[in-house]
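Fold and contact review
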Amino acid sequence: MAVVESKETSYLLPPNPEDWEKQGIPDFVYGQKELTMEGIHWPRNAPGALDTLPVSRFDSALLSAWRQRVELGLFRYRLGELQTRILPGSVGFVAQLNIERGVQRRQPQNIKSVRQAFDPEQFNFNKIRPGEVLFRLHPEPNGQAVLEQEDILVVINVSPLEWGHVLLVPEPARGHPQRLLPGVLRAGLEAVLLSLHPGFRVGFNSLGGLASVNHLHLHGYYLAHRLPVEGAPSTPLDPEGHMHLLQAFPAPGFLFYTSGSGPDLESLISRVCRATDYLSDHEIAHNLFITRGSPPGKPSPSSPLTGVRVILWARKSSFGIKESGAFNVALCELAGHLPVKTSQDFSSLTEEVAVALIQDCLLPQDQADDVQAALLALMVPEEL
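Residues numbered from 1 in each chain as written. Predicted model: local features only at pLDDT ≥ 70, side-chain atom pairs only at ≥ 80, totals over all residues. Heavy atoms only, no water.

1. Concerning the overall build of the protein chain
The secondary structure content of the protein chain amounts to 10 helices and 14 strands. Its C-alpha atoms give the protein chain a radius of gyration of 20 Å, near enough to 21 Å, the size a compact globule of 384 residues would have. Seen through its C-alpha atoms, the protein chain measures out along the principal axes to roughly 60 × 55 × 50 Å. In the protein chain, buried positions account for 55% of the 384 residues. Intrachain contacts of the protein chain at a sequence separation of at least 6 include 72% that bridge at least 24 residues. Carbon and sulfur atoms provide 52% of the accessible area of the protein chain, an area that totals close to 16300 Å². (Helix = DSSP H or I, 4+ residues; strand = E, 2+ residues; numbered from the N terminus. Rg over C-alpha atoms; globule rule 2.2 N^0.38 Å. Buried < 20%, exposed > 50% of the residue type's maximum accessible area, 1.4 Å probe, protein only. Contact = heavy atoms within 4.5 Å. Areas by Shrake-Rupley, 256 points an atom, 1.4 Å probe, with all protein chains shown as cover.)

Next up, the structure:
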């Protein structure tokens, strides 16, 4: 992707590492007019050729700073062009070979509960090197909701899944455990809307849902391919259409959608956080994925990306280190992006095997039905 350096603020580090901490963290301040809801689409004939796509001020800042950190050797490995293939079949899984991440990523923390308290003695984002922070994401003051929003640090993921892989971390000194809060969800949604790239996605793994660090953060990254969840068909679960259920997909998820900002976005944030609060309180692991996408219903594969889809999956808890299978099942795998750990698995992986691995992580049907009924009941208070 072509990157044009911002003329207003430099998000690059000074040449001397001793000056990195002295420089402080630059601010990326954005206005509501920079949140682009419509007009973003995939190239019709060459979905992987993204160098010709327009870039926003956000894309330029993130990618130029991220590229510099690559050149400075701040990552655990240098991410090259990943081998990618679309698995034959009806789903459209995007499989990528990422051997280095499987070998060199940081050992996950010992998680025993979805509600585990933050432990300052464990690795957390207060312990990262100064050069790993790209900038502070901060909206211009514009109403009560924004005034209450915490500043968000945009930090490189030193074991990247894909190009531009960052973490969105709300005020790390506060020591929030890995439990979704409205402010960080708002930041994730607005980050997607700040990007003009159709493949910039954001997601969240709960504790027990393969989050490896118990310190509140979202993942954000660029992927130059459509994903099945962008346009997967769905059916409404309530008359007002507050929550939908994905259909004809290996991992049925709860779909929340908005095509507007302001009050519509705040309403979506409220509904999603009520749902994730319920899951956390009841020790149910979950994953969440934010992507530009088509409206709920029965869109065609080529339907325009007219809004933002938030997909929430309740799942079996997975505690301890899980290394079996071609891939681990977390936010991106549930959405159809499969980072595969070995060359043998990458060449032999089939849709049938991928579906089986994903479905093995889902709740039993009777428990899934109970969760659906409970979450649906939580959508009602919005109108009272």
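2. Considerations on helix H10 (residues 365–378)
An ideal rise of 1.5 Å per residue puts 20 Å on 14 residues; H10 measures up with 20 Å between its terminal C-alpha atoms. Looking at the buried positions of H10, the neighbouring elements they touch are strand E11 (254–258), helix H6 (263–281) and strand E13 (307–315). (Expected span 1.5 Å × (residues − 1).)

3. What to know about the pairing of strand E5 (residues 152–156)
Of all 5 residues in E5, 5 are buried, a share of seventy percent or more. Here E5 shows two buried faces, one formed by Ile152, Val154 and Ile156 and the other by Leu153 and Val155. Pairing of strand E4 (residues 133–139) with E5, which is carried by 4 bridges, proceeds in the antiparallel orientation. Each residue of the ladder has a partner; that of valine 133, found in E5, is valine 155. (Pairing = 2+ DSSP bridges.)

4. Topic: the sheet that holds strand E12 (residues 285–293)
If you trace the 11 strands from one edge of the open sheet to the other, you get E1-E4-E5-E6-E8-E7-E12-E13-E11-E10-E9, paired in mixed fashion. Two strands in the sheet have a free side with no partner beyond their single neighbour: strand E1 (27–30) and strand E9 (234–236). Here the average twist between neighbouring strands, direction ignored, is 25°. Bridge count between E1 and E4: 4 bridges; the pairing is parallel. Counted as the bridge partner of phenylalanine 28 is leucine 137 from E4. Against the sheet, helix H2 (residues 57–71) makes contact with E1, E4, E5, strand E6 (166–170), strand E7 (200–205) and strand E8 (218–222), and its axis sits at roughly 160° relative to E4, the strand it touches most. (Axes fitted to C-alpha atoms, helices over the stretch in contact; angles between N-to-C directions.)

5. Considerations on the packing of helix H5 (residues 182–194) against H6
Geometry of a packed helix pair, given as the angle between the helix axes and the separation of the axes. At a closest axis distance of 10 Å, the pairing of H5 and H6 adopts a crossing angle of 130°. Taken as axis vectors, H5 and H6 run oblique relative to one another. In this structure, H5 meets H6 at a crossing whose hand is right-handed. Where H5 abuts H6, its residues Pro182, Leu185, Arg186, Leu189 and Glu190 lie against Leu265, Glu266, Leu268, Ile269, Val272 and Cys273. Within the contact of H5 with H6, the residues separate by chemical class into 8 nonpolar, no polar and 3 charged. (Parallel < 35°, antiparallel > 145°, perpendicular 65-115°, else oblique. Left-handed = near helix turned anticlockwise from the far one by under 90°. Nonpolar A, V, L, I, M, F, W, Y, C, P; charged D, E, K, R; others polar.)

6. Describing the packing of aromatic side chains
Going through the model one piece at a time under the given rule, you end up with 10 aromatic pairs. With 6.1 Å between their ring centres and 45° between their planes, tyrosine 11 and phenylalanine 28 make a pair best called tilted. Here phenylalanine 28 lies in strand E1 and tyrosine 11 lies in the segment before helix H1 (20–23), a separation of 17 residues in the sequence. Per residue, the accessibility class of tyrosine 11 equals that of phenylalanine 28, and both read buried. (Phe/Tyr/Trp six-rings, centres within 6.5 Å; stacked < 30°, edge-to-face > 60°.)

7. As for the pattern of salt bridges
Overall, the coordinates contain 13 salt bridges when judged by the stated rule. One salt bridge in this structure joins glutamate 71 and arginine 78, with 2.8 Å as the shortest N-O distance. In this pair, the class of glutamate 71 matches that of arginine 78, namely exposed. Across the pair arginine 201 and glutamate 230 runs a salt bridge whose closest N-O atoms are separated by 2.3 Å. On the criterion of sequence distance, the pair formed by arginine 201 in strand E7 and glutamate 230 in the loop between E8 and E9 is long-range, its members being 29 residues apart. In terms of burial, arginine 201 and glutamate 230 fall into one category: buried. (Salt bridge = Lys/Arg side-chain N within 4 Å of Asp/Glu carboxyl O.)

8. Some words on the nonpolar core
If you look at the biggest cluster of nonpolar residues, it comprises 66 residues, and the most contacted ones within it are Phe58, Leu62, Phe135 and Phe256. It is H5 that contributes the most residues to this core, 8 residues altogether. Sequence-distant contacts of leucine 62, that is, excluding residues within four places in its chain, are made with Leu134, Phe135, Gly164, Val166, Phe200 and Tyr222. Membership of the second largest hydrophobic core comes to 35 residues, among which are Leu87, Phe93, Phe327 and Leu331. (Core = buried A, V, L, I, M, F, W, Y, C linked by side-chain atoms within 4.5 Å.)

9. Side note on the state of the cysteines
Inspection of the entire model under this criterion finds 0 disulfides. Here cysteine 361 stays free of any disulfide, with the sulfur of cysteine 332 as its closest cysteine sulfur at 12 Å. Here cysteine 361 falls in the buried class, since its relative accessible area comes to 18%. (Disulfide = S-S within 2.5 Å.)

10. Observations regarding unusual backbone geometry
For leucine 210, which is not glycine, the phi torsion reads 80° and is therefore positive. Inspection of the secondary structure assignment puts leucine 210 in the loop between E7 and E8. One non-glycine residue, alanine 248, lies in the positive phi region at around 50°. Its location among the elements puts alanine 248 in the loop between strand E10 (244–246) and E11. On the accessibility criterion, alanine 248 (76% relative accessible area) is exposed.

11. Section: the confidence of the model for the protein chain
Across the protein chain, pLDDT averages 90, with 91% of residues at or above 70. In this model residues 2–6 is a low-confidence stretch, pLDDT under 50, and it forms 14 contacts with partners more than four residues away in sequence or in other chains. (pLDDT = per-residue confidence, 0-100.)

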